[in-house]
Amino acid sequence: MAGNADIPDVPNPPVTKPRVKMFACPNCGGSITLRYPGASMSVVCENCQSIIDVNDENYKILTKFFKQAKPFTPLIPLGQRGSLKGKTWEVIGFMARSDVNSAYFWTEYLLFNPYYGYRWLVEDKGHWNFITTIKKKPESNLRVAGIGVMGEVLTLDGKRYKVFNSGRTQVDYVIGEFYWRVVIGSQTNTADYIDPPFMLSCEKDASEVVWSTGEYISHKEIKKAFKLDKVPDPIGTAATEPPRAKESWGKMGMLWALFLAFITCAQIWLSGTSPYEVACDYRGIYLQNGKQNDQTTPVFTLEKEKSNVQITVHAPVSNSWFYISGELVNNTTGATYPFERTVEYYYGTDSDGAWTEGSSESALTISAVPGGKYYLNLDTESGGYATKYKDQYNLKVVRGVPLYDNYFWFAFFLSILPLVSWSTMRQEEASRWANSDFNPYVSSSE
Amino acid sequence: MVRFYFVTGSLLCAIFVYAGMNGYKVVDPFAVSASRPLGPGGHYHK
């Protein structure tokens, strides 16, 4: 794709009716309409598809065809005008191109505005890009002679474009008129670089190197701009499709980090300011291998308006168990908080050696207990003892212990959406790069 | 989705601080289960 340079922006002038020139095709005799004589250098006969040099006074035939072949039909008819990027453009040419090695096809529409020159609309699997040729040459991070090299990143106007594809392309089909002498089968080396939704393309042949920038345009915008009845829906993810999931993940990741930092700081503060006051340290009697019911502790005070209560039970168990069930009772309101706990500890030896299991201590936390006067009603039971004596157990009530479970649960809850967003972003990017020659999501060993 | 996450995340942070200050265990799947003696079973070796 060769092209003309940018023309400075001026207020959008009205597009005047072109000075149409008509002549007979030197090959088939059919009528040829040249929409922009003086600007176009070649035109394709709509009847026989022969390409004619319009700058030659005898209308020299550049490429001759004897039978009509129309393997491609433009989605936007030639001569159709539409408004894109705030300017009116007329479709004057259409070509189909392909990769020489893979026979991968796409189509290109040449747009013209007498005041702004030429632009291209490139359509590939329902995805559209608006292309403008530029005079500037981007800077490469590599010092290599060729174009489209692995790891190449180009910088232009503050944007960084990663190499996406490179190869050799050829012109397969043309209709309309063009600003150069278009030749069917002509080949160029090309390379595409992307910084979605923007792209940078390079076309290189023996005589010139042409750089152009592109920007993704939705098919709905194309349909509206050119007043088309129907435009095919896009298939897959295009190289320059706006990276919505990536942008979403960028914001989401920042919020995720902020939220995690916040609850971490809050957890440190809460742990540091927890009162951890022993409200009751009770020693009770229990009967080994028996039950001891209806024990009541002295009344104790739980300070603070509302906080948690940790109850820790310790019993001298050894290949035996101790079970306690009880309720924390508010001495004023009668509100109860039931609980039960087992302490069991076992040890022995087997073919693998010595083993142990359990502990002589167990704790539970009752959440959000209002302050006030409380006592405990307790029932105990035990088993597994070799003797049947009375023994002592210890029960400690602590007010306001730091809770770490909440921190991990909230960190988990706060991570669900960011992980979904990250996964979506990965899928989108993997889909985008699936058609690339330089896919970073595929290891070189595959 | 970002706006939704901003709102829900802010709400979760507020709940976290409120729960921490008032001693709430927001999720406590193990405390609701009964605690009965199990006897030796899944022991581990020293």
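1. Brief notes about the overall build of chain A
Reasoning step 1: Helix and strand counts for chain A come out as three helices and 24 strands.
Reasoning step 2: Here the C-alpha atoms of chain A give a radius of gyration of 40 Å, more than 25% beyond the 22 Å that 2.2 N^0.38 yields for 446 residues.
Reasoning step 3: For chain A, the spread of C-alpha atoms along the principal axes amounts to about 125 × 60 × 40 Å.
Reasoning step 4: The long-range fraction of contacts in chain A, counting pairs at least 24 apart against all pairs at least 6 apart in sequence, stands at 64%.

2. Concerning the overall build of chain B
Reasoning step 1: Summing up its helical and strand segments, chain B has one helix and one strand in all.
Reasoning step 2: Each of the 46 residues in chain B was classed as buried or not, and the buried ones make up 15%.

3. Here we look at the nonpolar core
All names here are of chain A.
Reasoning step 1: Counting 36 residues, the largest nonpolar core has Ile52, Tyr109, Leu110, Leu111, Trp120, Leu121 and Val174 as the members making the most contacts within it.
Reasoning step 2: When residues in this core are grouped by element, the largest group, five residues, is from strand 7 (residues 87–99).
Reasoning step 3: Ranked by size, the runner-up nonpolar core spans 25 residues in total, among them Cys280, Tyr286, Tyr393 and Val398.

4. Remarks on the confidence of the model for chain A
Residues and elements named next belong to chain A.
Reasoning step 1: Confidence in the prediction for chain A averages 87 pLDDT; 93% of positions are at 70 or higher.
Reasoning step 2: Of all secondary-structure elements in chain A, the lowest mean pLDDT belongs to strand 5 (residues 61–63), at 77, while strand 10 (residues 127–134) reaches the highest, 95.
Reasoning step 3: Counting contacts from residues 1–7, a segment whose pLDDT is below 50, to residues more than four positions away or on other chains yields 22 contacts.

5. A look at helix 1 (residues 2–22) of chain B
All names here are of chain B.
Reasoning step 1: Under the 1.5 Å per step criterion, the end-to-end length of helix 1 is 30 Å for 21 residues, consistent within 8% with the ideal 30 Å.
Reasoning step 2: Taken residue by residue, helix 1 has Tyr5, Gly9, Leu12, Phe16, Ala19 and Gly20 as its buried positions. Axial view of helix 1: buried residues confined to an arc of 95°, hence all on one face. Opposite the buried face of helix 1, at more than 90 degrees from it, the exposed residues are Arg3, Val7, Leu11, Ala14 and Tyr18.

6. Re the domain arrangement of chain A
Reasoning step 1: Annotation of chain A at the domain level lists domain 1 (21–242) and domain 2 (275–401).
Reasoning step 2: A C-alpha centroid distance of 82 Å is found between domain 1 of chain A and domain 2 of chain A.

7. Brief notes about the interface of chain B and chain A
Reasoning step 1: In this complex, chain B contributes 29 residues to the contact, which on the side of chain A involves 40 residues.
Reasoning step 2: Only helix 1 and strand 1 (44–45) of chain B provide two or more residues apiece to the side of chain B that touches chain A.
Reasoning step 3: Counting residues per element, the side of chain B that touches chain A draws most heavily on helix 1 of chain B, at twelve residues.
Reasoning step 4: Of the residues assigned to the side of chain B that touches chain A, the class counts are 18 nonpolar, seven polar and four charged.

8. Observations regarding unusual backbone geometry
Residue and element names in this part refer to chain A.
Reasoning step 1: Residue Pro197 is bonded to the preceding Pro196 through a cis peptide linkage, with omega at 5°.
Reasoning step 2: Note that Pro197 resides in the loop between strand 14 (187–195) and strand 15 (198–204).
Reasoning step 3: The residue Lys227 is not glycine, and still its phi comes out positive at about 50°.
Reasoning step 4: Positionally, Lys227 belongs in the loop between helix 1 (219–225) and helix 2 (244–273).
Reasoning step 5: For Tyr276, which is not glycine, the phi torsion reads 45° and is therefore positive.
Reasoning step 6: Considering the arrangement of structural elements, one finds Tyr276 in the loop between helix 2 and strand 17 (277–287).

Parameters and conventions
- Residues numbered from 1 in each chain as written.
- Chains lettered and ligands numbered in written order.
- Predicted model: local features only at pLDDT ≥ 70, side-chain atom pairs only at ≥ 80, totals over all residues.
- Helix = DSSP H or I, 4+ residues; strand = E, 2+ residues; numbered from the N terminus.
- Rg over C-alpha atoms; globule rule 2.2 N^0.38 Å.
- Contact = placed C-beta atoms within 7 Å.
- Buried ≥ 20, exposed ≤ 12 C-beta atoms within 10 Å, placed from the backbone.
- Core = buried A, V, L, I, M, F, W, Y, C linked by C-beta atoms within 7 Å.
- pLDDT = per-residue confidence, 0-100.
- Expected span 1.5 Å × (residues − 1).
- Arc of directions from axis to C-beta.
- Domains from an automatic or database assignment.
- Nonpolar A, V, L, I, M, F, W, Y, C, P; charged D, E, K, R; others polar.

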